[in-house]
Amino acid sequence: MTPNYALKELNKEAGFGGMGSEIHRDIPRIDMSDFFNRKAEITEELWKAATEIGFFQLTGHGIPLELIDDAFALSAEFFALPQDTKAQYPLRKGTNAGWEFKAQVRPSTGTPDNKESYQITLPRMGEGALWPKGEEVAGFKATMLAFERHNWMVGMKVLSCFADKLGFHSDFFTDGHDPESPHYQSTLRLINYLGMEDATPEDFKFWRAGAHTDYDCLTLLHQREGHGGLQLCPGKDAESGDLAWTDVPPLGGVITCNIGDMLMRWSDDKLMSNLHRVRMPKEGEYMGPRQSMAFFCQANKDTMLEGPEGKYDPMTAGDYMQMRLNANFAGKPAQKA
Ligand SMILES: O=C(O)CCC(=O)C(=O)O
Ligand SMILES: [Fe+2]
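Residues numbered from 1 in each chain as written. Chains lettered and ligands numbered in written order. Predicted model: local features only at pLDDT ≥ 70, side-chain atom pairs only at ≥ 80, totals over all residues.

As named in an unreviewed UniProt entry, the protein is 2-oxoglutarate-dependent ethylene/succinate-forming enzyme, taken from Aquimixticola soesokkakensis. Recorded in UniProt under Cofactor (unreviewed entry), the annotation for the protein is "Fe(2+)". Listed under Sequence similarities (unreviewed entry) in UniProt, the entry text for the protein is "Belongs to the iron/ascorbate-dependent oxidoreductase family." (UniProt positions renumbered as here; feature names shortened; annotations may be inferred.)

Structure, rendered in structure tokens:
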């Protein structure tokens with residue numbers, strides 16, 4: 001049984017459902033190229049961005065554009081399958097593996113996100129049963145396995161910079177996210193927000209994704225060129241109660257990153273997790289389906305979250321994740337349309 005830690009993050013999340021206002025902010029852009037030679041310089045840039053705004057965008061990250069484009073194309077092919085086919089790969093509560101349709105209810109809104117997702121958490125794919133078959137989407141598994149590992153590698157580079165600043169050894173977080181362990185729980189999430197071409201005015205009252213902070217250490221988000229809607233609000237501003245939201249321009253090939261609550265806790269609150277959400281398209285904007293892909297660096301279940309200064313009681317990453325998942329997917333297992 002999961003012990004009761006009464007996470008302050010759960011209460012926080014329930015208070016962010018309103019519209020707020022919108023303002024422009026510059027989002028720091030960080031070039032990761034020639035990483036091992038330029039690590040000290042990159043580390044300073046990442047630390048500044050992560051502690052001041054909590055969101056940043058990576059260029060020169062080394063994930064081939066062709067692989068990102070292929071992953072987007074195969075994700076679209078998967079979501080275009082008949083609902084009955086996708087329902088053969090159901091997400092089971094608390095697993096972050098498989099397909100769900102409008103099953104995620106954010107504590108901030110109390111309504112389901114207007115989306116479907118397919119999630120890949122490698123040790124939880126039901127010994128292969130949760131992967132679509134080759135005759136349904138050719139090349140899906142090989143491409144997604146490669147894409148998952150590329151994202152993991154970029155995530156571990158960023159986390160190793162934070163490890164240096166926090167006084168851990170450089171590979172501290174890499175050890176804690178070891179993909180060879182059966183306790184690995186990092187997740188690749190393919191997302192398809194439903195098209196709004198035929199929607200009624202009533203449908204626009206919902207959120208594509210309600211305001212939330214992520215519960216991982218670090219999120220790497222791939223936006224599809226032209227598919228806007230992601231908005232963010234820096235953690236510090238949110239704590240002061242001033243919810244002013246900033247649109248993140250959807251640029252292909254650039255990875256938008258944010259710190260999650262697990263790393264905020266693990267860093268004794270030095271690194272701030274950030275509020276974000278996906279709004280509905282406004283009049284005159286693209287109304288079609290919106291695709292994105294997110295990789296969540298979530299420390300292995302048996303990794304102990306223990307900050308350098310011991311601000312919080314130690315807790316395993318497994319217990320931490322379970323509490324957050326239970327608060328988001330309260331309902332039944334995967335739902336059919
Ligand atoms: O789709 C997006 O742009 C954001 C998705 C997101 O924030 C999430 O899945 O946690
Ligand atoms: Fe998120």
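Now, onward.
Colleague: It is not clear to me how the site of ligand 1 should be interpreted in this structure. Could you clarify?
Modeller: By nearness alone, every residue bordering ligand 1 is listed as Arg 189, Ile 191, Ala 209, Asp 214, Leu 221, Gln 223, Leu 230, His 276, Val 278, Ser 292 and Ala 294. For the shell around ligand 1, the secondary structure elements donating two or more residues are strand E6 (187–193), strand E8 (218–223), strand E12 (275–278) and strand E13 (290–297). Counted by class, the shell around ligand 1 contains six nonpolar, three polar and two charged residues. (Near = placed C-beta within 6 Å. Helix = DSSP H or I, 4+ residues; strand = E, 2+ residues; numbered from the N terminus. Nonpolar A, V, L, I, M, F, W, Y, C, P; charged D, E, K, R; others polar.)

Colleague: Just checking my understanding: could you explain helix H3 (residues 65–79) for this structure?
Modeller: With 15 residues, H3 should reach 21 Å at 1.5 Å per residue; the first-to-last C-alpha distance of 21 Å fits that figure. All of the buried residues along H3 are Ile 68, Ala 71, Phe 72, Leu 74, Ser 75, Phe 78 and Phe 79. Where the residues of H3 are buried, they touch strand E5 (115–120), helix H5 (140–166), E6, E8 and E13. (Expected span 1.5 Å × (residues − 1). Buried ≥ 20, exposed ≤ 12 C-beta atoms within 10 Å, placed from the backbone. Contact = placed C-beta atoms within 7 Å.)

Colleague: Quick question: what am I supposed to make of the environment of Phe 72 here?
Modeller: Within the fold, Phe 72 resides in helix H3. You can call Phe 72 buried: it has 21 C-beta atoms within 10 Å. For Phe 72, the contacting residues outside a window of four places in its chain are Arg 224, Gln 291 and Met 293.

Colleague: How should the pairing of E5 be read in this particular structure?
Modeller: Look at any regular strand and the pattern is simple: side chains alternate between the two faces of the sheet. In terms of burial, E5 is a largely internal element, six of the six residues being buried. Note that strand E4 (residues 98–101) and E5 share four bridges and pair antiparallel. Looking at the pairing, Gly 98 lines up with Gln 119 of E5. The pairing of E5 with E6 spans six bridges and is antiparallel. Residue pairing across strands places Tyr 118 opposite Leu 190, the latter belonging to E6. (Pairing = 2+ DSSP bridges.)

Colleague: How should the sheet that holds strand E7 (residues 209–212) be read in this particular structure?
Modeller: Whenever strands of a sheet pair, they do so through backbone hydrogen bonds, lying parallel or antiparallel. Strand order in the open sheet formed by five strands is E1-E10-E9-E12-E7, with mixed pairing between adjacent strands. Each end of this open sheet is capped by a strand with a single partner; those strands are strand E1 (21–22) and E7. As defined by bridge partners, E1 adjoins strand E10 (residues 244–247) across two bridges and the pair is classed as parallel. Counterpart to Glu 22 in the pairing with E10 is Trp 245.

Colleague: Honestly, the packing of helix H2 (residues 35–52) against H5 in this entry has me stumped. Any pointers?
Modeller: Two numbers describe how H2 lies on H5: the axes approach to 9 Å, and their chain directions differ by 75 degrees. Taken together, the axis directions place H2 and H5 in an arrangement best described as roughly perpendicular. The segment H2 lies against H5, with Phe 35, Lys 39, Ile 42, Thr 43, Leu 46, Trp 47 and Ala 50 engaging Lys 157, Val 158, Cys 161, Phe 162, Asp 164 and Lys 165. Its residues assigned to classes, the contact of H2 with H5 shows eight nonpolar, one polar and four charged. (Axes fitted to C-alpha atoms, helices over the stretch in contact; angles between N-to-C directions. Parallel < 35°, antiparallel > 145°, perpendicular 65-115°, else oblique.)

Colleague: How should the sheet that holds strand E2 (residues 29–31) be read in this particular structure?
Modeller: Ordered in space as E2-E3-E11-E8-E13-E6-E5-E4, the eight strands form an open sheet in which the pairing is mixed. Where the open sheet ends on each side, the last strands, each with one partner, are E2 and E4. Pairwise comparison of adjacent strand axes, ignoring direction, gives a mean angle of 25 degrees for this sheet. Inspection of the sheet shows E2 paired to strand E3 (residues 55–59) by three bridges, in the parallel sense. Opposite Arg 29, over in E3, you have Gln 57 as the bridge partner. Along the sheet face, H2 touches E2, E3 and strand E11 (255–259) and points at about 160 degrees away from the line of E2. Along the sheet, H5 makes contact with E3, E5, E6, E8, E11 and E13, crossing E8 at roughly 130 degrees.

Colleague: What exactly am I supposed to notice about H5 here?
Modeller: Three- or four-residue spacings in an α-helix give side chains the same orientation, since the helix completes a turn every 3.6 residues. Helix length check: H5, at 27 residues, gives a terminal C-alpha distance of 38 Å against a target of 39 Å (1.5 Å per residue), a fit within 8%. Phi turns positive one or two residues past the end of H5, at Gly 167, with a value near 90 degrees.

Colleague: Looking at this model, I keep getting lost on unusual backbone geometry. Mind explaining?
Modeller: For residues other than glycine, phi is negative in most cases, and the peptide bonds are mostly trans. In this structure, Asp 34 is a non-glycine residue whose phi angle is positive, near 55 degrees. When you line up the elements, Asp 34 lands in the loop between E2 and H2. Judged by C-beta crowding, with 11 C-beta atoms within 10 Å, Asp 34 ranks as exposed. One non-glycine residue, Asp 268, adopts positive backbone phi at about 55 degrees.

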